[in-house]
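Residues per chain are reported as follows:
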Amino acid sequence: MIKPDGVQRGLIGEIVSRFEERGLKMVGSKLIQIDEDLANEHYAEHADKDFFDELVGFITSGPAFAMVWQGADATRQVRSMVGKTDPAESAPGTIRGDLGLDLERNVIHASDHEDPGSNEREIQLFFEETELLEYSRIDESWLYTDED
Ligand code: CDP
Ligand code: MG
């Protein structure tokens, strides 16, 4: 999910392009205004942290762009493309390492591959089933070895 800072800075296209070019397939996306209830639920794991109120204020401060991407080991690969939580510690070439400087305003959220089920939980939090589409990308046979 591209956070409100990324949307306001005009980075939706840049970020979508990175995932598309990697070969991941977008199966759902939408611009959303996150309200406080949704923010509280989404970041429930951080409810006791000192940055929580500030974080909820930030994530509800303007439109965010939610996305669902599919592909081989997608959750892990997206996290590695996103970089570390702190952009200052993220390698150049990563989204946060190329596009951010601030620990809170770090451009993008991604489900945690080290927290099994977080991807499914977050997809259900942000999307109806009818908003997720099944289709083939025309380059799939060139992206993946046919092992049949
Ligand atoms: O987003 P990520 O999973 O990499 O990090 P997190 O530890 O789950 O923290 C969620 C979000 O809280 C981060 O992406 C930052 O926007 C924010 N945060 C913060 O403002 N101050 C911190 N010390 C840690 C995180
Ligand atoms: Mg996290």
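So, here's what we can say about the structure. Source: prediction; values computed, not measured.

Some details on the pattern of salt bridges
Link 1 in the chain: Using the criterion set out here, one finds 8 salt bridges in the structure.
Link 2 in the chain: In this structure, the salt-bridge partner of E14 is R18, at a minimum N-O distance of 2.7 Å. Here R18 and E14 lie together in helix α2 (residues 12–22), a separation of 4 residues that amounts to about one turn.
Link 3 in the chain: A salt bridge links D139 to R137; the nearest nitrogen and oxygen atoms lie 2.8 Å apart.
Link 4 in the chain: Ionic contacts of the salt-bridge type, sharing partners, join the residues E14, R18 and D98 into one network.

Here's the deal with the site of ligand 1
Link 1 in the chain: Taken together, K3, Y43, H46, F51, L55, R79, T85, R96, L103, E104 and N106 make up the full set of residues near ligand 1.
Link 2 in the chain: A distance of 2.9 Å separates an oxygen atom of ligand 1 from a polar side-chain atom of K3.
Link 3 in the chain: Between ligand 1 and R79 there is a distance of 3.0 Å, counted from an oxygen atom to a side-chain nitrogen or oxygen.
Link 4 in the chain: Partitioned by chemical class, the residues of the shell around ligand 1 number 4 nonpolar, 3 polar and 4 charged.

Quick word on the packing of aromatic side chains
Link 1 in the chain: Tallied over the entire structure, the rule returns 1 aromatic pair.
Link 2 in the chain: For the pair F19 and W69, a centre-to-centre distance of 5.4 Å together with 50° between the ring planes defines the contact as tilted. In this pair, F19 is assigned in helix α2 and W69 in strand β2 (residues 64–70), connecting sequence segments 50 residues apart.
Link 3 in the chain: The exposure class of F19 is buried, given its relative accessible area of 1%.
Link 4 in the chain: Take W69: its relative accessible area is 12%, and that puts it in the buried class.
Link 5 in the chain: If you follow K25 out to its NZ or CZ, it ends over the ring of Y135, 5.4 Å from the centre.
Link 6 in the chain: Between the NZ or CZ atom of K30 and the centre of the ring of F127, over which it lies, the distance is 4.9 Å.

Some remarks on helix α7 (residues 118–126)
Link 1 in the chain: Of the positions making up α7, those classed as buried are S118, E122 and F126. Looking straight down α7, one finds that the buried residues subtend no more than 55° of arc, so they occupy a single side.
Link 2 in the chain: In this structure, the buried side of α7 is in contact with β1 (25–32) and α3 (36–42).

A word on the layout of surface pockets
Over the atoms a probe the size of a water molecule is rolled, and this reveals where empty space is left.
Link 1 in the chain: Its volume calculated, the largest pocket comes out at about 610 Å³.
Link 2 in the chain: Lining the largest pocket are 26 residues, and of these M67, V68, W69, N119 and I123 sit closest to its centre.
Link 3 in the chain: It is α7 that provides the largest number of residues to the lining of the largest pocket, a total of 6 residues.
Link 4 in the chain: Class assignment of the residues belonging to the lining of the largest pocket gives a composition of 15 nonpolar, 7 polar and 4 charged.
Link 5 in the chain: Empty space within the second largest pocket amounts to approximately 470 Å³.

Conventions we followed
- Residues numbered from 1 in each chain as written.
- Chains lettered and ligands numbered in written order.
- Predicted model: local features only at pLDDT ≥ 70, side-chain atom pairs only at ≥ 80, totals over all residues.
- Heavy atoms only, no water.
- Salt bridge = Lys/Arg side-chain N within 4 Å of Asp/Glu carboxyl O.
- Helix = DSSP H or I, 4+ residues; strand = E, 2+ residues; numbered from the N terminus.
- Near = heavy atom within 4 Å.
- Polar contact = N/O pair within 3.5 Å; in protein donor to acceptor, adjacent residues only side chain to side chain.
- Nonpolar A, V, L, I, M, F, W, Y, C, P; charged D, E, K, R; others polar.
- Phe/Tyr/Trp six-rings, centres within 6.5 Å; stacked < 30°, edge-to-face > 60°.
- Buried < 20%, exposed > 50% of the residue type's maximum accessible area, 1.4 Å probe, protein only.
- Lys NZ or Arg CZ within 6 Å of the ring centre and 35° of its normal.
- Arc of directions from axis to C-beta.
- Contact = heavy atoms within 4.5 Å.
- 1 Å grid on protein atoms, 1.4 Å probe; cavity = no way out; pocket = protein on both sides within 12 Å on 5 of 7 lines; lining within 4 Å.
- Points joined across faces, edges and corners; volume = space filled by probe spheres on them.

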